[in-house]
Amino acid sequence: MLTDVLPRPPAITRAEYHQRRDTLMAQLLTNAAVILPGGSLVTRSNDSEYTFRQSSDFYYLTGISEPDALLVLLPGREAGQSVVFCQDRDPTMEAWTGRRLGAQGVITAHGIDQAFENAEREAMMPELLAGRELLYLPLDHDGALDIAEEALSQAKAGQRRGLPALKGWMDVNPLIHAMRQIKSEAEIALLRHATAISAHAHVRAMCTARPGLSEYQLQAELEHEFVWQGGSGPAYSTIVGGGANACVLHYIENSAPLADGELVLIDAGAEFELYAGDITRTFPVSGRFNDAQRALYQVVLHAQERAVAAIQPGVTLADIHKGVVADLTAGLIELGLLEGELQTCIDEQHYRRFYLHSTSHWLGLDVHDVGTYRLNADTPRPLEPGMVLTVEPGLYIPDETDIPVAYRGIGIRIEDNVVVTNQGHEVLTDQVPKRVADIEALMASD
Ligand code: GLY
Ligand code: MN
Ligand code: MN
């Protein structure tokens with residue numbers, strides 16, 4: 001099955017990366033520097049590594065996708081405020097593992113003010129950090145304290161010349177993560193593309209599904225489409241759960257056969273230019289819902305559609321989750337899966353037997369993207385234009401004897417990706433059918 005290749009959106013410009021570094025520097029206390037390491041290769045087995053994926057924060061500020069790079073930001077420095085250390089050029093290694101940017105490439109391709117190879121780092125850092133009183137580091141980084149200690153000893157070179165001493169360090173993450181939480185137009189275009197690829201893949205899997213195939217064969221359809229469309233692959237481990245496997249929230253074995261009469265839940269998204277799609281659809285393996293499946297599906301769909309419709313600036317994720325809980329609980333009572341008063345079932349959290357995750361998370365360079373969910377302990381954060389989130393209610397009915405047989409072992413989740421706009425919202429993933437009639441019509445058409 002060949003599908004049309006979707007037109008690629010433009011890459012983030014060098015000017016935008018420059019602007020991001022300036023915005024970060026403008027927030028630093030005076031006389032400070034930022035030190036931000038990029039990612040490194042990770043061993044997969046013996047001497048083979050996983051495909052390199054740049055750390056999201058480093059990529060956000062540089063656009064550089066090589067391992068073992070380090071960004072230093074030095075506000076006010078005349079010789080250049082942004083400095084990158086990068087892998088040493090090495091013709092032998094490059095013959096094995098691919099071309100490297102080198103210092104000149106970092107400057108010309110990425111608009112960094114100054115760049116050096118890593119071999120020069122030890123000699124250069126004391127000079128760069130001389131007189132800086134405060135370091136901003138990613139404190140959750142494994143090597144953060146090593147970097148801080150190294151900087152402390154390097155700062156002594158400046159002190160000997162009478163320059164101010166290094167006084168301490170702070171976490172740079174909250175500043176970068178607050179910036180990443182509000183997406184630019186160019187980022188939204190990349191997310192639109194990552195989600196469009198993901199949507200194509202889900203349609204492809206829906207059209208392919210039939211009894212007798214196995215879960216991994218739908219995984220293969222999805223991941224083929226991700227790469228065919230120019231994505232780097234899945235943004236997270238693809239979940240294909242047939243029947244009761246759909247009730248395991250992070251089921252990634254994808255090894256079971258798909259049975260006639262069962263539903264299959266697919267939670268899968270492509271990564272494009274490091275931006276993630278994150279779509280879930282649940283549909284009948286054979287193309288037709290039975291009555292119990294349809295009834296339960298309608299409860300989730302109703303909650304999901306109302307949650308998406310409520311998205312606009314000022315609303316909070318807590319509000320959205322609360323609405324979903326109320327809608328799911330009402331549906332569970334109607335179907336006889338819960339008993340009692342609606343408000344009591346909500347207050348006493350009876351729904352948690354069937355729905356135990358939250359409704360939304362931020363989406364961006366990370367599938368569970370960075371950014372705060374609360375302004376403080378008591379106040380959820382209101383949505384703002386440029387935020388991107390998922391809406392993913394579900395119901396997971398255990399295979400237990402007090403449950404009517406028809407509902408046992410059914411798992412349903414419906415997940416869309418949504419941008420908050422000035423006017424309200426834009427759904428990025430509505431190319432994949434989610435209404436019962438639309439799913440059945442698509443599956444009947446192939
Ligand atoms: N695929 C992970 C999630 O939906 O959050
Ligand atoms: Mn998901
Ligand atoms: Mn999600």
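Only a predicted model underlies this, so the values are computations on that prediction, with no experimental measurement involved.

Peer 1: Would you mind showing me how to read the overall build of the protein chain here?
Peer 2: Helix and strand counts for the protein chain stand at 13 helices and 21 strands. Taken over C-alpha atoms, the radius of gyration comes to 25 Å for the protein chain, in line with the 22 Å a tight globule of 446 residues would show. Principal axes of the C-alpha set define a box for the protein chain whose edges measure 80 × 50 × 40 Å. Burial analysis of the protein chain (446 residues in total) assigns 53% to the buried set. Long-range pairs, those at least 24 residues apart, make up 71% of the contacts in the protein chain between residues at least 6 apart in sequence. Surface accessibility of the protein chain: about 19,900 Å² in total, with carbon and sulfur atoms responsible for 51%. Looking at charge distribution, the protein chain has the averaged site of its 34 positive side-chain charges lying 4 Å from that of its 61 negative ones.

Peer 1: What exactly am I supposed to notice about the coordination of the manganese ion (ligand 2) here?
Peer 2: Perfect tetrahedral coordination of a metal by four donors corresponds to 109.5 degrees between them, and perfect octahedral coordination by six donors corresponds to 90 or 180 degrees. The manganese ion (ligand 2) binds to the protein through D267 (OD), D267 (OD), D278 (OD) and E415 (OE), with metal-donor distances spanning 2.0 to 2.5 Å. Spacing between the donor residues of the manganese ion (ligand 2) along their common chain follows D-x10-D-x136-E. Here the manganese ion (ligand 3) and the manganese ion (ligand 2) are spaced 3.2 Å from one another, each receiving a donor from D278. Of this pair, D267 sits in strand β11 (residues 263–268) while D278 sits in the loop between β13 (275–276) and β14 (279–284), and the two are eleven residues apart along the sequence. An identical accessibility class is assigned to D267 and D278; each is buried.

Peer 1: What exactly am I supposed to notice about the layout of surface pockets here?
Peer 2: If you roll a probe as big as a water molecule over the atoms, it shows you where there is empty space left. Within this model, the largest pocket holds a volume of roughly 460 Å³. Around the largest pocket, the lining is made up of 17 residues, and of these T51, F52, R53, S232 and E271 lie nearest the centre. Residues of the lining of the largest pocket, tallied by class, amount to seven nonpolar, six polar and four charged.

Peer 1: Looking at this structure, I do not really get the nonpolar core. What am I missing?
Peer 2: Nonpolar side chains in soluble globular proteins tend to end up buried together. Membership of the largest hydrophobic core comes to 117 residues, with the highest contact counts inside it found for L24, I266, L383 and L395. In terms of residues, this core owes the most to one element, helix α8 (residues 185–208), which gives eleven residues. Leaving out residues up to four positions away in the same chain, L24 has contacts with V34, L61, L73, V172, L175, I176 and M179. Ranked by size, the runner-up nonpolar core spans 18 residues in total, among them F85, F116, I147 and L166.

Peer 1: How should I be thinking about the site of ligand 1 in this particular structure?
Peer 2: Taken together, Y236, D267, D278, H361, H368, E392 and E415 make up all the residues around ligand 1. A distance of 2.7 Å is found between an oxygen atom of ligand 1 and a side-chain nitrogen or oxygen belonging to H368. One of the side-chain nitrogen or oxygen atoms of E415 is found 3.3 Å away from an oxygen atom of ligand 1. Protein burial of ligand 1: of its 190 Å² of free accessible surface, 89% is covered by the chains. Considering only residue class, the shell around ligand 1 consists of one nonpolar, two polar and four charged.

Peer 1: Just checking my understanding: could you explain the coordination of the manganese ion (ligand 3) for this structure?
Peer 2: Coordination of the manganese ion (ligand 3) by the protein comes from D278 (OD), H361 (NE2), E392 (OE) and E415 (OE), over a distance range of 2.0 to 2.2 Å. For the manganese ion (ligand 3), the six donor atoms in the first shell make angles of 51 to 154 degrees at the metal, a pattern classed as irregular. Mapped onto the polypeptide sequence, the residues donating to the manganese ion (ligand 3) form the spacing pattern D-x82-H-x30-E-x22-E.

Peer 1: Got a minute to help me understand the packing of aromatic side chains in this structure?
Peer 2: By the definition in use, this model includes four aromatic pairs. Geometrically, the ring pair formed by Y17 and Y59 is edge-to-face, given 6.5 Å between the ring centres and 80 degrees between the ring planes. Taken as a pair, Y17 in helix α1 (residues 14–26) and Y59 in helix α2 (residues 56–62) lie far apart in primary sequence, 42 residues in all. Residue classification places Y17 among the buried positions, given a relative accessible area of 8%. By relative accessible area, Y59 is classed as buried at 9%. Against the face of Y60 rests R20, its NZ or CZ located 4.1 Å from the ring centre.

Peer 1: What should I look at first to understand the packing of helix α5 (residues 121–129) against helix α6 (residues 144–160) in this one?
Peer 2: Axis angle and axis distance: for two packed helices, these are the angle between their axes and the distance between the axes, and together they describe the pair. The N-to-C vectors of α5 and α6 enclose an angle of 65 degrees; their axes lie 8 Å apart at closest approach. The orientation of α5 relative to α6 falls into the category roughly perpendicular. The two elements α5 and α6 meet at a crossing, and its hand is right-handed. On α6, the residues touching R121, E122, M125, P126 and L129 of α5 are E150, A151, Q154 and A157. A per-class count over the contact of α5 with α6 returns five nonpolar, one polar and three charged.

Peer 1: Sorry if this is basic, but what is going on with a nonpolar patch on the surface here?
Peer 2: A cluster of nonpolar side chains, namely L139, L145, L152 and W169, defines an oily patch on the protein surface of about 350 Å² accessible area. Note on placement: L139 falls in the loop between β7 (134–137) and α6.

Peer 1: What is the right way to look at the sheet that holds strand β10 (residues 239–242) in this model?
Peer 2: One key point about sheets: their strands pair by backbone hydrogen bonds, in either a parallel or an antiparallel sense. Taken together, three strands build an open sheet; the order of strands is β10-β11-β14 and the sheet is antiparallel. Looking at strand neighbours, the two that pair on one side only are β10 and β14, the edges of this open sheet. Across this sheet, the average inter-strand angle for adjacent strands is 10 degrees, counted without regard to direction. Examined bridge by bridge, β11 and β14 share six bridges and lie antiparallel to one another. Each bridged residue has a counterpart across the sheet, and for D267 the counterpart in β14 is T280. Against the sheet, helix α9 (residues 215–228) contacts β10 and β11, and its axis sits at roughly 150 degrees relative to β10.

Peer 1: Teacher, can you tell me more about the state of the cysteines here?
Peer 2: Disulfide: a covalent bond formed between the sulfur atoms of two cysteine residues. Following the criterion strictly, the structure yields zero disulfides and no others. Not part of a disulfide, C247 finds its nearest cysteine sulfur in C345, a span of 20 Å. Residue C247 is classed as partly exposed on the basis of its relative accessible area of 23%.

Peer 1: How do you make sense of the pattern of salt bridges when you look at a structure like this?
Peer 2: Pairing of side chains with opposite charge becomes possible as their charged atoms draw close. According to the stated counting rule, one finds 26 salt bridges in the structure shown. Among the salt bridges present, the one from D402 reaches R353, with a minimum N-O distance of 2.9 Å. Here D402, found in the loop between β18 (394–396) and β19 (411–413), pairs with R353, found in the loop between α12 (342–347) and β15 (374–376); they are 49 residues apart in sequence, far enough to count as distant. Judged by its relative accessible area of 52%, D402 is exposed. In this structure, a network of salt bridges that share partners links the residues D57, R180, K183, D366 and D369.

Procedures and definitions
Residues numbered from 1 in each chain as written. Chains lettered and ligands numbered in written order. Predicted model: local features only at pLDDT ≥ 70, side-chain atom pairs only at ≥ 80, totals over all residues. Heavy atoms only, no water. Helix = DSSP H or I, 4+ residues; strand = E, 2+ residues; numbered from the N terminus. Rg over C-alpha atoms; globule rule 2.2 N^0.38 Å. Buried < 20%, exposed > 50% of the residue type's maximum accessible area, 1.4 Å probe, protein only. Contact = heavy atoms within 4.5 Å. Areas by Shrake-Rupley, 256 points an atom, 1.4 Å probe, with all protein chains shown as cover. Lys, Arg positive; Asp, Glu negative; His and termini not counted. Charge placed at Lys NZ, Arg CZ, Asp CG, Glu CD. Donors = N, O, S within 2.8 Å, 3.2 Å for Na, K, Ca; no water. 1 Å grid on protein atoms, 1.4 Å probe; cavity = no way out; pocket = protein on both sides within 12 Å on 5 of 7 lines; lining within 4 Å. Points joined across faces, edges and corners; volume = space filled by probe spheres on them. Nonpolar A, V, L, I, M, F, W, Y, C, P; charged D, E, K, R; others polar. Core = buried A, V, L, I, M, F, W, Y, C linked by side-chain atoms within 4.5 Å. Near = heavy atom within 4 Å. Polar contact = N/O pair within 3.5 Å; in protein donor to acceptor, adjacent residues only side chain to side chain. Tetrahedral: all angles 85-135°; square planar, octahedral: opposite > 155°, others 65-115°. Phe/Tyr/Trp six-rings, centres within 6.5 Å; stacked < 30°, edge-to-face > 60°. Lys NZ or Arg CZ within 6 Å of the ring centre and 35° of its normal. Axes fitted to C-alpha atoms, helices over the stretch in contact; angles between N-to-C directions. Parallel < 35°, antiparallel > 145°, perpendicular 65-115°, else oblique. Left-handed = near helix turned anticlockwise from the far one by under 90°. Patch = residues over 30% accessible without salt bridge, like charges linked within 9 Å, V, L, I, M, F, W, Y side chains within 5 Å. Salt bridge = Lys/Arg side-chain N within 4 Å of Asp/Glu carboxyl O. Pairing = 2+ DSSP bridges. Disulfide = S-S within 2.5 Å.

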